[in-house]
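Per-entry structural report
For reference, the chains in residue letters:
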Amino acid sequence: MKNAEEDVPVYDDIEAVKFIVKYLANTKKVSVADTKVEYILDVIYEYYEDKGLIEDDTAEEADIDEEDMLLYAKKCIKKDKIDITEDEIMLILEGEYEYGKSICVYN
């Protein structure tokens, strides 16, 4: 989905969570609770913000270091004492990427 005025893809957090949960269940990889998906999405947004990678309402490309993002997520999880495995993190990140591709955020 894109914002007609600016031709910028619109990222909907609620739809992203639904898409990721469904994507993971459909691929038979894992069943992950919505709360874990929401947490990881929050971590992803924090990562983007901390790294200055994505600004609101822009369509500029950014290079994302997936290994660095995973390390960032693991650090946040340890600090926040969240019960989530590295495999779940990686699957959620994969689902988030697929959601982004579905709305043309990622190529």
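Residues numbered from 1 in each chain as written. Predicted model: local features only at pLDDT ≥ 70, side-chain atom pairs only at ≥ 80, totals over all residues. Heavy atoms only, no water.

1. Points about the packing of aromatic side chains
- Taken as a whole and assessed by the stated rule, the structure comprises six aromatic pairs.
- Note on Tyr-11 and Tyr-45: the rings are 5.9 Å apart at their centroids and 85 degrees apart in plane angle, and the pair reads as edge-to-face. Of this pair, Tyr-11 sits in the loop between β2 (8-9) and α1 (13-26) while Tyr-45 sits in helix α2 (residues 34-51), and the two are 34 residues apart along the sequence.
- Among the residues examined, Tyr-11 registers a relative accessible area of 23% and is labelled partly exposed.
- Taking the relative accessible area as the measure of exposure, Tyr-45 reaches 25% and is therefore partly exposed.
- Linked through ring pairs, Tyr-11, Phe-19, Tyr-23, Tyr-45 and Tyr-99 together constitute an aromatic cluster. (Phe/Tyr/Trp six-rings, centres within 6.5 Å; stacked < 30°, edge-to-face > 60°. Helix = DSSP H or I, 4+ residues; strand = E, 2+ residues; numbered from the N terminus. Buried < 20%, exposed > 50% of the residue type's maximum accessible area, 1.4 Å probe, protein only.)

2. Some thoughts on α1
- With 14 residues, α1 ought to run about 20 Å at 1.5 Å a step, and its terminal C-alpha atoms sit 20 Å apart, in line with that.
- Buried within α1 we find Ala-16, Val-17, Ile-20, Tyr-23 and Leu-24. Burial along α1 is one-sided: seen end-on, the buried residues are contained in an arc of 135 degrees. Of the residues in α1, the exposed ones pointing more than 90 degrees away from the buried face are Ile-14, Lys-18, Lys-22 and Asn-26.
- The elements touched by buried residues of α1 are α2 and α4 (86-102).
- Put simply, Asp-12 is the residue that caps the front of α1, since its side-chain oxygen is 2.9 Å from the backbone nitrogen of Ile-14.
- Note on α1: the residue one or two positions beyond its end, Lys-28, has a positive phi of about 60 degrees. (Expected span 1.5 Å × (residues − 1). Arc of directions from axis to C-beta. Contact = heavy atoms within 4.5 Å. Polar contact = N/O pair within 3.5 Å; in protein donor to acceptor, adjacent residues only side chain to side chain.)

3. Points about the environment of Leu-93
- Mapping Leu-93 onto the fold places it in helix α4.
- Between the C-alpha atom of Leu-93 and that of Glu-66, which follows or precedes it by 27 residues, the distance is 8.9 Å.
- For Leu-93, the contacting residues outside a window of four places in its chain are Ile-40, Ile-44 and Met-69.

4. A few points about unusual backbone geometry
- Unlike most non-glycine residues, Lys-81 shows phi in positive territory, near 55 degrees.
- Mapping Lys-81 onto the fold places it in the loop between α3 (66-80) and α4.
- In this structure Lys-81 comes out as exposed when scored by relative accessible area, which is 75%.
- Residue Cys-104 is not a glycine yet carries a positive backbone phi of 65 degrees.
- Note that Cys-104 resides in the segment after α4.

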